[in-house]
Each structure stands twice: as structure tokens, then as C-alpha cells.
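Chain by chain, the residues run as shown.
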Protein chains: 2
Amino acid sequence: MTTAKRDTYTPETLLSVAVQVFNERGYDGTSMEHLSKAAGISKSSIYHHVAGKEELLRRAVSRALDGLFAVLEEPGAVRGRAVERVEYVTRRTVEVLVGELPYVTLLLRVRGNTRTERWALERRREFDHQVADLLKAAAADGDLRADVDIRLATRLLFGMVNSLVEWYRPHPGTGPDQLADAVVHMALDGLRTVR
Amino acid sequence: MTTAKRDTYTPETLLSVAVQVFNERGYDGTSMEHLSKAAGISKSSIYHHVAGKEELLRRAVSRALDGLFAVLEEPGAVRGRAVERVEYVTRRTVEVLVGELPYVTLLLRVRGNTRTERWALERRREFDHQVADLLKAAAADGDLRADVDIRLATRLLFGMVNSLVEWYRPHPGTGPDQLADAVVHMALDGLRTVR
């Protein structure tokens, strides 16, 4: 717009600006020009850091995906009864969503128009698939009700968890812990006190 | 594109074409030109039916909102114990979502850039508010667990229900009834068999 400021960005800080712009305008609707204006540096300075906007997208969604997949490797996700691992993964997924809110928001809005987007969708499906397998194991143990289809239950669970990116804003009294508790209480134990 | 076909549309059938285009391209990204091409009739034929695309949007989201608000007037939503009314409204909301899938999809994607969109968002909030009041009443009866904040529970419930528009496609074995059962089982009774 006016004179560009000196480029003091690191790949990390540039990424955080890019993610914000992607989330506001949509990835498709964002040009290098928009990124340059938002960052306050020239396009050539951006090209000094990255090959283009698709690289920024790849880095951003990788950050979200790495956070989510890391959960599946944690001790609480691999040891113990399947239903407890479902609870653990649900809780930690909520924490990753909240901790990496702009990155996960971007991941969940990816449409599939570019190679990077299709790769991200593929990885998301893989994550969902692994969680569905956990739910299946818990159902096989008799720890999950038999009258709900597991694929459906997995989708509803992710529907609930993923909706957080649309409405959750950090707030005293509703931190990641309270949020994770509420999701687990609702999905696993239900809201109803009397059966 | 080529010669336009004879206009055999009714306001109703034109609306269903428009909703499909709005959902594919986004409301902002849809021009009268796009609508004219999709319907295969001239723009002036469209103007014969409606004043413009905002009128089509208003009619489309009204159809979704009317369906949702009608639920709140049904006997099952106004009589009986609050927790049973919560269950009833949840179930019927799922049915309306499935029955009016493209219309509710459009409603849930509305952003707030035009007067009609802001009105639609306002009506959605009003609906959410009325359901939250029902949940509050059920909690006051002691029928909902006290350790989950009701605002949070309402948002999670809608997060789960509204996610249907993103992934649900009619399918033998997963009709509206099975879907509604799954949502109610999960949200109210939880997936876990053992406490």
C-alpha cells in the first residue's frame, strides 16, 4: 500500500500472518498481493521466505495435522482400555484445536482445489479413520453402546469437536480444560442425569 | 450461454436451482449471470419472478428458518417435561435439516454481508436462544448434568447437529430417523455403556 516496512519476518511469523489472511478471505480468494499488504512487506520479500502461497498453506495445515497426529502417539492414546483411549484422544483433540485455533480452522476449511488441499483432506480422513478404529475397538469391548453406528458416531463426534473453530473464543471460565470436559461429558456420558 | 430455454419455472423450482448455485459458489460469489446459466433462462426471465438474488436468498433461508421455528410450536416442544422437549426438539431439528438439506446448508453458511444475511443470522441466534432456554429449564429440573455449562452444551449440541449439512448424504440404513436417534443417544445419553 504505502512503503513496505523492513522485512523482519521469520518463516514462523510470516506464516501466522498468512493463516489469518487465508481464514479471512479464504485460501482461493487470497493473492500474494493480499499477503504482501497484510504483512507490510513486498512480494519479493515473501518469495525470499517461501516459494508461494501454496507453500504457506502446506506449512500451516501441516502444523495443524502434526498437532493432531502427535496426539495419537501419546501414551494415553496407545495404552489402556480402548474407551479410555477414545476419551483421551477426544480431550487432547479439543486441546490441539484450541491451542492451534487458526491453523486447525484453516485445515477444516480446505476445499480440495489444489494438490496441497487434496493432500490435507487425505490426511484429515486418515486421522478420522484412526479415531474411528479406536471407537470400533471400544465398541468391541462392549464399552460403547451397540445401537449407534460407529461411523456415524465418529462423524457426530468430529462434528461437535470441529464446530469449536466456528464459535469458540478463549474466555475466562471456558479454557481448553472446561471445553474438553464438556465435550467428553456430552459425547461419552450424555447430558441427561436420569436414564 | 446458448439460446435460453422457455421459462417454465415457478418461484419454487427457480428457488431450488438458485439454492444449489448459492451452495456451490457461495452467495457472494454468485451473480445473476450464474443463476441465469444454471437455470437455462435469461436474466430478464429471472427478474420476472424475483427482484434479484437477495430475494432468492431471503426466500431460501426463510424456508429453512420457518421449518426450524415450526418445530418449537409443535406439541412435543411445548408440553411435557423440559428434558423430553429437549429430546423432541433435537430429533425434529435433525429431521428438518435432512428434509430441507440445501436450504439449511445455505442458512448455516450465511456470513452477514447483506441485510438479508444479517436478518438470517439474527433469526438463527433467536432459535439457538430458545433451545438454550429449553436446556436451562431441563437443567433446573435436575434432568441435565450440572457440571456442563448450558451455553456450552447448547453450542456443542448445535455443532453436532449442524455438522450434518457438511457430511450427511441420504443413504439406505441412515435415514433421518437413524440419524436423529444417533444424535439424541450421543448428546443426551452418551456413547459409553458403563459409567
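Residues numbered from 1 in each chain as written. Chains lettered and ligands numbered in written order. Predicted model: local features only at pLDDT ≥ 70, side-chain atom pairs only at ≥ 80, totals over all residues. Heavy atoms only, no water.

- Looking at an unreviewed UniProt entry, chain A carries the name TetR family transcriptional regulator, with the source organism given as Streptomyces subrutilus.

**Brief notes about the side chain of Ser 45 of chain B**
Then comes step 1: In this fold, Ser 45 of chain B is placed in helix α3 (residues 43-49).
Then comes step 2: There is a polar contact of 2.9 Å between the side chain of Ser 45 of chain B and the side chain of Ser 42 of chain B. (Helix = DSSP H or I, 4+ residues; strand = E, 2+ residues; numbered from the N terminus. Polar contact = N/O pair within 3.5 Å; in protein donor to acceptor, adjacent residues only side chain to side chain.)

**A few points about the packing of aromatic side chains**
Residue and element names in this part refer to chain A.
Then comes step 1: Under the counting rule described, the total for this entry stands at 6 aromatic pairs over all chains.
Then comes step 2: Relative to Tyr 27, the ring of Phe 22 lies with its centre 5.1 Å away and its plane at 75°, an arrangement referred to as edge-to-face.
Then comes step 3: For Phe 22, a relative accessible area of 1% gives the class buried.
Then comes step 4: Among the aromatic residues, those joined into a cluster by ring pairs are Phe 69, Phe 127 and Phe 158.
Then comes step 5: Its end group placed over the ring of Tyr 27, Lys 53 keeps NZ or CZ at 4.1 Å from the ring centre.
Then comes step 6: The lysine or arginine in question, Arg 63, covers the ring of Tyr 103, its NZ or CZ lying 4.0 Å from the ring centre. (Phe/Tyr/Trp six-rings, centres within 6.5 Å; stacked < 30°, edge-to-face > 60°. Buried < 20%, exposed > 50% of the residue type's maximum accessible area, 1.4 Å probe, protein only. Lys NZ or Arg CZ within 6 Å of the ring centre and 35° of its normal.)

**Some words on the environment of Tyr 27 of chain B**
Residue and element names in this part refer to chain B.
Then comes step 1: Note that Tyr 27 resides in the loop between α1 (11-25) and α2 (32-39).
Then comes step 2: Sequence separation of Tyr 27 and Leu 14 is 13 residues, and the distance between their C-alpha atoms is 15 Å.
Then comes step 3: Beyond its immediate chain neighbours, meaning those up to four positions away, Tyr 27 contacts Phe 22, Lys 53, Glu 54, Leu 57, Thr 114 and Glu 117. (Contact = heavy atoms within 4.5 Å.)

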